Amino acid sequence: MTNFASDNVTAMAPEILAALAAANQGPAMPYGEDPVTERVRARFNDLFETETVVFPVATGTAANVLGLSLLAPPYGAVYCHRDAHIVVDECGAPEFYTGGAKLVTLDGADGKLTAVELSDAIDGAGVVHHVQPAAISLTQATEVGTLYQLEEISALAEVARSHKLGVHMDGARFANAIAALDCSPAEMTWKAGVDVLAFGATKNGAMAAEAVVIFKPELADEFGFRRKRGGHLFSKGRFLSAQLEGYLADDLWLNHARHANALADQMAKGLSGLPGVTLHYPVAANMLFLSLPEPVIDGLKAAGFMFYDWTTPATPAGTREIRLVTAFNTLSEDVVAFVALCEALTRKAAE
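Residue positions are counted from 1 within each chain, in the order its sequence is given. Confidence filtering applies because this is a predicted model: local features only for residues at pLDDT of at least 70, side-chain atom pairs given and counted only at 80 or more, and all residues used for totals across whole chains, interfaces and linings. By convention in this description, side-chain values take in all heavy atoms of the structure and omit both hydrogens and water.

J.: Explain the overall build of the protein chain to me, using residue names and the numbers behind them.
T.: Check the secondary structure of the protein chain and you find 15 helices and 13 strands. Only the C-alpha atoms count toward the radius of gyration. The rule for a globule is 2.2 Å times the residue count to the power 0.38. A compact globule built from 351 residues should have a C-alpha radius of gyration of about 20 Å, and the protein chain, at 21 Å, falls within 12% of that. In terms of overall dimensions, the protein chain has a C-alpha envelope of 65 × 55 × 30 Å along the principal axes. Think of it in three bands: with a 1.4 Å probe and only protein chains considered, a residue is buried below 20% of the maximum accessible area for its type, exposed above 50%, and partly exposed in between. Looking at the protein chain as a whole, 53% of its 351 residues qualify as buried. Of the contacts made within the protein chain by residues no fewer than 6 positions apart, 76% connect residues no fewer than 24 positions apart. Only the protein chains shown count as covering a residue, and every accessible area follows the Shrake-Rupley method with a 1.4 Å probe. As presented, the protein chain carries roughly 14,900 Å² of accessible surface, and 55% of it is formed by carbon and sulfur atoms. His is not counted, nor are the chain ends, whereas Lys and Arg count as positive and Asp and Glu as negative. Where a charge lies is defined by one atom per residue type, namely NZ (Lys), CZ (Arg), CG (Asp) and CD (Glu). Of the charged side chains in the protein chain, 25 are positive and 41 negative, and the gap between their average positions amounts to 5 Å. The way it works is that DSSP assigns letters per residue, a run of H or I at least four long becomes a helix, a run of E at least two long becomes a strand, and they are numbered from the N terminus. Contacts are residue-level and defined by heavy atoms, with any inter-residue pair within 4.5 Å sufficient.

Next comes the structure, spelled out in structure tokens:
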């Protein structure tokens, strides 16, 4: 059985498991006052080429919504794409952790906001009857596997700055985006105008580890209290930090992302041009969204391939769309087998 349903289905990377085992030797001070966490903080400063304030947490939801809570008051508006994870898959957590801020959703081709659309949407500043513009949230890579180019991030951040809005980035697949654009973490974040980053590791080989990376120290003063009040301060915090330390060591995070991206590209090239197959978005990271004839989808599942049925704005009426996700440990031979069976099934369906 080959599972292309998500990059959440994988086991832990052996290197990260080894880092956890190493951290499991002897006592250590609790609540992030341990040597591993101190090393991780220094590592993030090196990685981003600036002084950061870093808080490890265990879930992407925690990283996203606790980060947003620094930027948006209860009466604030957070502008984001209508398909953003914070809109579709966070079960109201952004509203809960901000105390009631409103998510203002915007359209945008290929899962991305544009500076023009954002500028046109920002409204209500100073009017007591309206939620007040507070922040924008960008997902990188996006929910449909596309990427904001650096100049697009900068243009959106410039709009945000002109309206005194904070900039949040959901980086659940941050490594895949960095690997695909071949840029530095600094270039994609604070140099482009990002204030708070949810840095993901779980989808790329960790067990349960994310980090809130804050680029404006003045925003960090209250984060420790928000994390504790929200139930996300781990007493044995070294075990979150150990995962991040193992993840960042020897460029493991980037090597994992490059592998996943390369196999998604391999799959896209193999599927392109097959009869009845339509790729809906550019394949820039490690996700593919495509329509297939129904007998082909059923045949792939019957053969043991696992994936999710999906619906995006690009889904043609009367068709079935699926999502395929490659991961750090996806095998090239599994991609070859999937493409080969898909080719056989599509040609049969076209007869």
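J.: If you had to explain the pairing of strand β6 (residues 166–171) to someone new, which residues and values would you point to?
T.: Among the six residues that make up β6, six are buried, leaving the element largely enclosed by the rest of the structure. In terms of strand pairing, strand β5 (residues 132–139) meets β6 through five bridges, oriented parallel. Its bridge partner being in β6, Ile-136 is matched across the sheet by Val-167. In short, DSSP must find at least two bridges between two strands for them to pair. Note that β6 and strand β7 (residues 196–200) share four bridges and pair parallel.

J.: How would you sum up the packing of helix α8 (residues 174–181) against helix α13 (residues 252–271)? Please name residues and give values.
T.: Simply put, an axis is a line fit to the C-alpha atoms, just over the touching stretch for a helix, and the angle between two N-to-C directions goes from 0 to 180 degrees. At a minimum axis distance of 8 Å, the contact between α8 and α13 shows a crossing angle of 75°. Judged by the angle between their axes, α8 and α13 are roughly perpendicular. In contact with Phe-174, Ala-175, Asn-176, Ile-178, Ala-179 and Ala-180 of α8, α13 contributes Trp-253, Leu-254, Ala-257, Arg-258, Ala-260 and Asn-261. Residues belonging to the contact of α8 with α13 are distributed by class as follows: nine nonpolar, two polar and one charged. Oblique is the label for any angle not under 35 degrees, not over 145, and not in the 65 to 115 range, which are roughly parallel, roughly antiparallel and roughly perpendicular in turn. Three residue categories are used. Nonpolar comprises Ala, Val, Leu, Ile, Met, Phe, Trp, Tyr, Cys and Pro, charged comprises Asp, Glu, Lys and Arg, and polar comprises the others, including Gly.

J.: Residues and numbers for the nonpolar core, please.
T.: Among the nonpolar cores identified, the biggest contains 58 residues, and Phe-44, Phe-48, Ile-136, Phe-174, Phe-199, Val-213 and Trp-253 are the most heavily contacted of them. Excluding anything up to four places from it in sequence, Ile-136 contacts Tyr-79, Leu-118, Leu-156, Ala-160, Leu-165, Gly-166, Val-167 and His-168. Nonpolar cores were defined as sets of buried Ala, Val, Leu, Ile, Met, Phe, Trp, Tyr and Cys residues, with membership established by side-chain atoms within 4.5 Å.

J.: Before we move on, can you summarise the pattern of salt bridges with the specific residues and values?
T.: We define a salt bridge as a contact between a side-chain nitrogen of Lys or Arg and a carboxyl oxygen of Asp or Glu at a distance within 4 Å. Applying the stated rule across the entire model yields 15 salt bridges. One salt-bridge network, held together by shared partners, links Glu-294, Asp-298, Lys-301, Asp-309 and Arg-320.

J.: Go over the sheet that holds strand β13 (residues 320–325) with me, naming the residues and quoting the values.
T.: Strand order in the open sheet formed by four strands is β9-β10-β13-β12, with antiparallel pairing between adjacent strands. For this open sheet the edge positions go to β9 (278–279) and β12 (308–310), each flanked by a neighbour on one side alone. Both β12 and β13 contribute to a ladder of three bridges, which runs antiparallel. Directly across from Trp-310, in β13, lies its bridge partner Glu-321.

J.: Before we move on, can you summarise the packing of aromatic side chains with the specific residues and values?
T.: A pair of Phe, Tyr and Trp rings is counted when the ring centres sit within 6.5 Å of each other, with Trp represented by its six-membered ring. The angle between the planes then sorts it: under 30 degrees is stacked, over 60 is edge-to-face, the rest tilted. All told, the structure shown has 18 aromatic pairs when counted by the stated rule. Measuring from ring centre to ring centre gives 5.7 Å for Phe-174 and Phe-199, while their planes differ by 55°; the resulting arrangement is tilted. One end of the pair, Phe-174, is in helix α8; the other, Phe-199, is in strand β7, with 25 residues separating them in the sequence. There is no split in this pair, since Phe-174 and Phe-199 are both buried. Of the aromatic side chains, those joined through ring pairs into one cluster are Phe-44, Phe-48, Phe-174, Phe-199, Phe-215, Tyr-247 and Trp-253.

J.: Can you lay out the side chain of Thr-189 for me, pointing to particular residues and giving the numbers?
T.: Mapping Thr-189 onto the fold places it in the loop between α9 (185–188) and β7. If we ignore the near neighbours within four places in the chain, the residues touching Thr-189 are Phe-48, Met-169, Phe-174, Val-194, Leu-197 and Phe-215.

J.: How would you summarise the sheet that holds strand β4 (residues 102–106) if you had to cite specific residues and measurements?
T.: The strand order across the open sheet formed by seven strands is β2-β8-β7-β6-β5-β3-β4, and the pairing between neighbours is mixed. In this open sheet, the two edge strands, each paired with only one partner strand, are β2 (53–57) and β4. Averaged over all neighbouring strand pairs, the angle between strand axes comes to 20°, with direction disregarded. As judged from the five bridges shared by β7 and strand β8 (residues 210–214), these two strands associate in the antiparallel manner. Within β8, the residue paired with Leu-197 across the bridge is Val-213.

J.: How would you sum up the environment of Ile-178? Please name residues and give values.
T.: Positionally, Ile-178 belongs in helix α8. Considered as a pair, Ile-178 and Leu-156 are 22 residues apart in the sequence and their alpha carbons are 18 Å apart. Apart from the residues lying within four places of it in its own chain, the contact partners of Ile-178 are Cys-183, Ser-184, Pro-185, Met-188, Trp-253 and Leu-254.

J.: Could you give an account of the pairing of strand β3 (residues 76–81), naming the residues involved and the relevant values?
T.: β3 sits mainly inside the fold: six of its six residues count as buried. Taken together, the four bridges between β3 and β5 define a ladder with parallel strand orientation. Looking at the pairing, Ala-77 lines up with Pro-133 of β5.

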